[in-house]
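Results of the structural survey
Chain by chain, the residues:
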2 protein chains.
Amino acid sequence: MTTTYFADQAWLGPEDGTVHDVTIEVSGATITSVTTGSTPAEGAVKLPGFVMPGLVNCHSHVFHRALRGRTHQGRGDFWSWREQMYSVLSGMSARAYSDLAAATYTEMTLSGITTVVEFHYLARERGGSATSADVSVMDRAVIDAAARAGIHLVLANACYLQADVHGSALSSAQEQFSDGSVSAFLARMDRLRGAESGPEDAAVAIHSVRGCPPPAMRAIAKWAHENDSALHIHLSEQVKENLDCIGAYGCTPAQLCADTGVLGDKTTAIHATHLDGDDIALLGGSGTIAGFCPTTERDLADGIGPARALRDAGSPLALGSDSHAIIDLFEEARAVELNERLATQKRGHHSAAELLTAATVGGAASAGLSDRIGRVAAGYDADFIAVDMNSTRTAGATDPVAATVFSATNADVTDVVRKGRRVVANRRHDELDEVGQRLAEAVQNVHA
Amino acid sequence: MTTTYFADQAWLGPEDGTVHDVTIEVSGATITSVTTGSTPAEGAVKLPGFVMPGLVNCHSHVFHRALRGRTHQGRGDFWSWREQMYSVLSGMSARAYSDLAAATYTEMTLSGITTVVEFHYLARERGGSATSADVSVMDRAVIDAAARAGIHLVLANACYLQADVHGSALSSAQEQFSDGSVSAFLARMDRLRGAESGPEDAAVAIHSVRGCPPPAMRAIAKWAHENDSALHIHLSEQVKENLDCIGAYGCTPAQLCADTGVLGDKTTAIHATHLDGDDIALLGGSGTIAGFCPTTERDLADGIGPARALRDAGSPLALGSDSHAIIDLFEEARAVELNERLATQKRGHHSAAELLTAATVGGAASAGLSDRIGRVAAGYDADFIAVDMNSTRTAGATDPVAATVFSATNADVTDVVRKGRRVVANRRHDELDEVGQRLAEAVQNVHA
């Protein structure tokens, strides 16, 4: 099936800037041609507003959505918040998990996100035993959820073997995260890659320098390299992680990653908040992607990461909604710039186009899919969205990229096309209605 | 005319917390009774979602709305941004100003703001002469605009006499800000207070320690005290302002305010960003209200003010959207907490209820109207709003106050009752439709 879309204004990717009168030809799930300065063909589907590539969410822990409106006003810090987060897991069945994930991925879709990298450390159900299936029950839960929501899932299973850098055993709350050994984890990853009913795309993750000892980090990095897989890791979100790492290994987490072969241009360092100059040089010099999650990093009191310095050193930027305190990639994008303004008392560290690049092209690189998503271009997946340029938030702007990044919210996303399917039209999902009600019920179920 | 409203859940003010099954009786513009644990009377208007007092915006420069989507990605700092802001004024007639203000106040109304303190330093039209009318043409522009939008205007005219602490003459871009002398300014304020066609309420303002010399500050403070008027001043938004003040007067702006009688519990220090311990003690000890504008302070790279320390010292907190980079008082409220998390790496400086108090009761104090607005209570203006607790943003929360402050956006405000008139129902303004289009045209007109 072929469909012709037409947009008055669009941003196709970082090279072209804002273009006008754009015809996008789609055959099946793929864009076959993009023509600017065109006139609308008869029967063309006219997209309202400002069109751009579907947004790529480089970092999600989908079940954290159940914490929204429940933990945000707590005192304490990241570590006390983590106890609350673990408590959600205590009664969460795979079925409840899948329903929550479906509702949350639908919220993402409605906010313009067409691809999500799920950083997945739930190896099995609470109390369940290690799986021998090709696709674990928890993997199946998110794979099915993504299909229901119409979102492109990149499933990044994470290896999580120990509670801290001293190799302490996992707590009972953490047991379901573990495959028992790195070899068992990698064997499961091999099976998942070969599975017919696996995720649309897969990546692999090291939970953190806390969660895996250096030999496991090395083995996973080797596996990722051999399998040409994207590799993710939580890096230096907390000062305590750095201090613990230096105490145990005599080097920072970034240096430990460098020493174990983890860094590289298919690797994403999630957070990358507390870095010294050498860390920045290591990440940038290796082309490691920096996966910032600013609304989570402010919610969890992590701090403000050195986004500009990382970009200057050579690291592309990607963006994630992580704990889903908010799901709004425009808010993530502007927060990168606005947080650096707060830290430096200067404006203009990142242009709006650079920030939109992070939310699209940067995310695609982080997902390991630079050749397929993140741009509106021939040969790419037909993933694009429209943003209302005439809402109370956006009206009056001269630069639609700046209006999108600095003024729009998720409420301004009117249309979402994903692999050629118009998943959202006029702010409504094509299959799932009453999404708020679904979210409320799904959240209630995991707390029940 | 009497109307009975009913809400399943409401927050009436900081004393009561969240209450249920609330009947609000309204006669004309005033609440006559509030009853919790009630059953809906026949004919009661049922408000959906979570009901709370109308939000009070303690600081607005309404014409700055014309800069949104046009300057936010600029480089430079506050001072270079100010040049861009001045350039908007060059062609802005009173008529264009009024249309822009009406559209912007409508945007505020739709976002749940029922009262706005307009910090008004446009004494006359560009090129116009000082007015002898009771109500200046620029005052008339905003008074009419507020009536069109259905918002309660507290007009805080600002005295602005000089370009800097050295008493330099105003630049040509600044000339329209000045009444020429503090006595001419205060004579105009006297006439405005006596005018039949004046604003609904008035306050008075000293632009800043830059804009007024100490004798003028003293005269205005005396006038405010004698007239029992709320008094506003921009205070320590920029480090440069502090350095200039210390250079000229040998003391900080806060100390200069203390020395000239400006501080007190009817005074609001807008921004209060760069304060030392003595400044905080002066503001807190005098009960001076701290008027934070976090989304502007991040946009302009001002920095993070000491909100928690000010509150501990005795300063109530109020919130303003100021330059209108964003108009969303929920975002202002959460940013107070989240910015302090970024600065301290700790959570829990302000509870959600404390932040909602700032957006309502704190704003009412800043407006000088603590006995009339900011609460849902008998004898108060019938100003209240409803927030959707079942949107993708808010669904699943157990604490509606936390959901409102930490998760909701302006898109979740469904209903606004202002002085007994239901100005917004189901997210639509009762008189003005196509608000985005109105904003776009009004912004275009002031740039024409």
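A few points on the structure. No experiment lies behind these values; they were computed from the predicted model shown.

Let's talk about the sheet that holds strand E2 (residues 18-27) of chain A
Residue and element names in this part refer to chain A. Read across the sheet, eight strands follow the order E3-E2-E1-E4-E13-E14-E15-E16 without closing on themselves; strand pairing throughout is mixed. Strand pairing shows two members of the sheet lacking a second neighbour, strand E3 (30-35) and strand E16 (428-429), which therefore form its edges. The pairing of strand E1 (residues 2-11) with strand E4 (residues 45-53) spans five bridges and is classified as parallel. Bridging across to E4, phenylalanine 6 finds its partner in lysine 46.

A closer look at the packing of aromatic side chains
Residues and elements named next belong to chain A. According to the stated counting rule, one finds 16 aromatic pairs over all chains in the structure shown. A centroid spacing of 5.2 Å and a plane angle of 80° characterise the contact between tyrosine 5 and phenylalanine 384, whose relative ring orientation is edge-to-face. Residue tyrosine 5 is located in strand E1, and its partner phenylalanine 384 is located in strand E13 (residues 384-387); the two are separated by 379 residues in the primary sequence. The exposure class of phenylalanine 384 is buried, given its relative accessible area of 1%. By the ring-pair criterion, three or more aromatic residues cluster together here, those being Phe63, Tyr86, Tyr121, Tyr160 and Phe177. Above the plane of the ring of tryptophan 79 lies lysine 240, whose end atom (NZ or CZ) is 5.1 Å from the centre.

Here's the deal with the sheet that holds strand E16 (residues 428-429) of chain B
Residues and elements named next belong to chain B. If you walk across this open sheet you meet the eight strands as E3-E2-E1-E4-E13-E14-E15-E16, and the pairing is mixed. Looking at the sheet topology across the chains shown, the edges are occupied by strand E3 (30-35) and E16. Bridge count for strand E14 (residues 413-418) against strand E15 (residues 421-425) is three bridges, and the pairing is antiparallel. Directly across from arginine 418, in E15, lies its bridge partner arginine 421. Its contacts with the sheet put helix H12 (residues 352-366) on strand E1 (2-11) and strand E4 (45-53), and the angle it makes with E1 is roughly 150°.

Looking at the pairing of strand E7 (residues 152-159) of chain B
Residue and element names in this part refer to chain B. Burial analysis of E7 places eight of its eight residues in the buried class, which makes it a mostly covered element. Burial along E7 is two-sided: the face carrying His152, Val154, Ala156 and Ala158 and the face carrying Leu153, Leu155, Asn157 and Cys159 are both buried. In this view, the connection linking strand E6 (residues 113-120) to its parallel neighbour E7 by way of helix H3 (residues 137-149) has right-handed handedness. Alignment of E7 against strand E8 (residues 201-206), held across six bridges, turns out to be parallel. Within E8, the position partnered with cysteine 159 by the bridge is isoleucine 206. Taken together, E7, helix H4 (residues 182-194) and E8 form a β-α-β motif whose crossover is right-handed.

Quick notes on the layout of surface pockets
To find leftover empty space, one rolls a probe the size of a water molecule over the atoms. When its volume is computed, the largest pocket comes out at roughly 1300 Å³. Surrounding the largest pocket, 44 residues form its lining, Arg393(A), Ala411(A), Arg427(A), Ala411(B) and Arg427(B) being those nearest its centre. Looking at side-chain class alone, the lining of the largest pocket contains 12 nonpolar, 18 polar and 14 charged residues.

A word on the side chain of Ser136(A)
All names here are of chain A. By secondary structure assignment, the location of serine 136 is in the loop between strand E6 (113-120) and helix H3 (137-149). Within the local environment of serine 136, its side chain forms a polar contact with the backbone nitrogen of aspartate 139, the two atoms lying 3.0 Å apart. With residues up to four places along the chain from it excluded, the contact list for serine 136 reads Ala123, Thr131 and Arg188.

Observations concerning the relation of the copies chain A and chain B
Its rotation angle being 180°, the transformation that places chain A on chain B also includes 0.0 Å of axial translation and leaves an RMSD of 0.0 Å. What the rotation and shift describe, once combined, is the action of a two-fold rotation axis. Measuring from the rotation axis to each C-alpha of chain A, the shortest distance belongs to Ala411(A), at 3.3 Å. The fraction of interface residues of chain A whose copies in chain B are also interface residues reaches 100%, indicating that both copies meet through the same surface.

Considerations on the state of the cysteines
Residues and elements named next belong to chain A. For the structure shown, the criterion picks out zero disulfides over all chains. You can see cysteine 245 has no disulfide; the closest cysteine sulfur is in cysteine 251, sitting 4.9 Å from it. Of all cysteine sulfurs, the one in cysteine 245 lies closest to cysteine 257, which takes part in no disulfide; the gap is 8.0 Å.

Examining the nonpolar core
Residues and elements named next belong to chain B. Ranked by size, the top nonpolar core spans 119 residues in total, and within it Phe63, Tyr97, Tyr105, Tyr121, Leu122, Met217 and Ile220 carry the most contacts. Top element by residues in this core is helix H2 (residues 94-110). It accounts for 10 residues. The contact partners of tyrosine 121, leaving out residues within four places of it in the chain, are His61, Phe63, His64, Met85, Ala158, Tyr160, Gln176, Phe177 and His207.

Rules of the game
- Residues numbered from 1 in each chain as written.
- Chains lettered and ligands numbered in written order.
- Predicted model: local features only at pLDDT ≥ 70, side-chain atom pairs only at ≥ 80, totals over all residues.
- Heavy atoms only, no water.
- Pairing = 2+ DSSP bridges.
- Helix = DSSP H or I, 4+ residues; strand = E, 2+ residues; numbered from the N terminus.
- Phe/Tyr/Trp six-rings, centres within 6.5 Å; stacked < 30°, edge-to-face > 60°.
- Buried < 20%, exposed > 50% of the residue type's maximum accessible area, 1.4 Å probe, protein only.
- Lys NZ or Arg CZ within 6 Å of the ring centre and 35° of its normal.
- Contact = heavy atoms within 4.5 Å.
- Axes fitted to C-alpha atoms, helices over the stretch in contact; angles between N-to-C directions.
- Right-handed = clockwise from strand over helix to strand, strands pointing away.
- 1 Å grid on protein atoms, 1.4 Å probe; cavity = no way out; pocket = protein on both sides within 12 Å on 5 of 7 lines; lining within 4 Å.
- Points joined across faces, edges and corners; volume = space filled by probe spheres on them.
- Nonpolar A, V, L, I, M, F, W, Y, C, P; charged D, E, K, R; others polar.
- Polar contact = N/O pair within 3.5 Å; in protein donor to acceptor, adjacent residues only side chain to side chain.
- Least-squares fit on C-alpha atoms with pLDDT ≥ 70 in both.
- Disulfide = S-S within 2.5 Å.
- Core = buried A, V, L, I, M, F, W, Y, C linked by side-chain atoms within 4.5 Å.

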